[in-house]
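Topology and contacts: notes
This is what each chain is made of:
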Amino acid sequence: MSEKDVTFQYCDEIIGQFEKVCKKPIVEKSSVYYTGVDLGTACVVVAVLDENFRPVAGAYQYADVVRDGMVVDYFGAVKIIRDMKAKLEEELGVEELLYAAAAIPPGTDTLDGGAVKNVVQGAGFELTNLLDESTAANAVLKIKNGAIVDIGGGTTGISILKDGKVVYVADEPTGGTHFSLVLAGAMHIPFNEAEVLKRDSSRHKEILPVLKPVVEKVAAIIKQHIQGYDVDEIYLVGGTCCLTGIENIIQKQTGIPTFKPKNPMFATPLGIAINCTKDIMD
């Protein structure tokens, strides 16, 4: 079995567990709960792990509180996460979920790290870690060498790894929102309808030709940033990567083998939760 097969076996397994507990939480006593908050452009995800870092509960909600990786509706973001927190506490039968980690697009810590930190703390969590999204995803992917590309709603984040260490990060403002704008224009439908259509896997074969130019732009961004680095494989995560066939277009444009897990949407929030600790950030 190759390293890639092992990686995706673990990744698909933990994501599969998370999908199940989102519908039916595991109500068993744990000495501590570790929470990951993924404040995305299109979707906010909260993942809860037990003391053994096993998924026990989760929730997600499509929202418009972040744009291009930046928090634009602070109070809306706080309310969404606070409501999710209360719902998960009730489902798990715990008095309070204390600890949470969060993530931001790579290289944007000086721009929006403080806002994300304030949102998570404003929702009632003790923040324990703040890391970049594609690096967080590697806690689930466990890649030693290659490029992890997190294509979210507003941005494309890239982390290049060598021997398990991040040697380069970048973030560009192109993501799922741009896919929806192109789809809305081409099909003469409102943006919100395009957002829903984009997530319908039964329509992916139909809409992929329309979205191909945007995917090719993302591929060009990836190719630009990995230039000069010895990248043999590209790994895709993020909700936008759920688009069937996106990996084939990126592979053709970059000339580099490109892979993604079965459900790339939940790799990052689970990786964030895995990076949660009991050590409170200053």
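Predicted, not measured: the structure shown is a model, and the values here were computed from it.

What counts, and at which threshold
Residues numbered from 1 in each chain as written. Predicted model: local features only at pLDDT ≥ 70, side-chain atom pairs only at ≥ 80, totals over all residues. Heavy atoms only, no water. Helix = DSSP H or I, 4+ residues; strand = E, 2+ residues; numbered from the N terminus. Buried < 20%, exposed > 50% of the residue type's maximum accessible area, 1.4 Å probe, protein only. Contact = heavy atoms within 4.5 Å. Pairing = 2+ DSSP bridges. Core = buried A, V, L, I, M, F, W, Y, C linked by side-chain atoms within 4.5 Å. Axes fitted to C-alpha atoms, helices over the stretch in contact; angles between N-to-C directions. Phe/Tyr/Trp six-rings, centres within 6.5 Å; stacked < 30°, edge-to-face > 60°.

**Details of the side chain of E89**
Within the secondary structure, E89 sits in helix α2 (residues 74-92). With relative accessibility at 11%, the residue E89 sits in the buried group. The residues touching E89, leaving out its near neighbours within four places in the chain, are V94, E95, E96 and L97.

**Describing the pairing of strand β11 (residues 234-237)**
Alternating positions in β11 separate into two faces, I234 and L236 on one and Y235 and V237 on the other, with burial throughout. In terms of strand pairing, strand β8 (residues 146-151) meets β11 through four bridges, oriented parallel. By the bridge assignment for β11, V149 is matched with L236. As paired strands, β11 and strand β12 (residues 258-259) are joined by two bridges and run parallel to one another.

**Some thoughts on the nonpolar core**
Within the largest apolar cluster, 34 residues are counted, with the highest numbers of intra-cluster contacts made by I15, F18, L141, I148, F266 and L270. If you list the elements that add at least two residues to this core, you get α1 (3-23), β2 (43-49), β6 (99-104), α4 (133-141), β11 and α9 (267-274). For this core, the element with the most residues is α1, which contributes seven residues. Residues in contact with I15, not counting those within four places in the same chain, are N263, F266, A267 and L270. Core analysis: the next-biggest nonpolar cluster, separate from the first, contains 31 residues, V46, V65, L97 and V116 among them.

**Considering the sheet that holds strand β3 (residues 55-62)**
Taken in spatial order, the five strands line up as β3-β2-β1-β6-β7 in an open sheet, and their pairing is mixed. Because the sheet does not close on itself, it has two edges, and the strands there are β3 and β7 (126-132). The sheet shows a mean angle of 20° between the axes of neighbouring strands, taken without regard to direction. Along the sheet, α2 makes contact with β1 (34-39), β2 and β3, crossing β3 at roughly 150°. Strands β1, β6 and β7 of the sheet are contacted by α4, whose axis makes an angle of about 100° with β7.

**Details of the sheet that holds strand β10 (residues 165-172)**
Across the sheet, five strands lie side by side as β10-β9-β8-β11-β12; this open sheet has mixed pairing. Here the strands that pair on one side only, and so sit at the sheet edges, are β10 and β12. As judged from the six bridges shared by β8 and strand β9 (residues 156-162), these two strands associate in the antiparallel manner. Among the inter-strand pairings, V149 is bridged to a residue of β9, identified as I158. Sheet strands touched by α4: β8, β9, β10 and β11. Its angle to β8, the strand with the most contacts, is close to 115°. Packing of helix α7 (residues 204-226) onto the sheet brings it into contact with β8, β9, β10 and β11, and relative to β9 it is tilted by some 35°.

**A short note on the environment of C276**
As for its placement among the helices and strands, C276 is situated in the segment after α9. Note: C-alpha distance between C276 and A101 (175 residues apart in sequence) is 4.9 Å. If sequence neighbours within four positions are ignored, C276 has contacts with Y34, T35, F53, Y99, A100, A101 and T128.

**Regarding the packing of aromatic side chains**
Enumeration according to the criterion identifies eight aromatic pairs in this entry. Consider the rings of F8 and Y235, whose centres lie 6.1 Å apart with planes at 45°: the pair is tilted. One end of the pair, F8, is in helix α1; the other, Y235, is in strand β11, with 227 residues separating them in the sequence. Where Y74 meets F75, the ring centres are 5.3 Å apart and the plane angle is 80°; that geometry is what we call edge-to-face. A residue is classified by how much of its surface remains accessible, and Y74, at 34% relative accessible area, is partly exposed. What makes F75 exposed here is its relative accessible area of 68%. Grouped by ring-pair contacts, the aromatic residues F18, Y60, Y62 and F266 constitute a single cluster.

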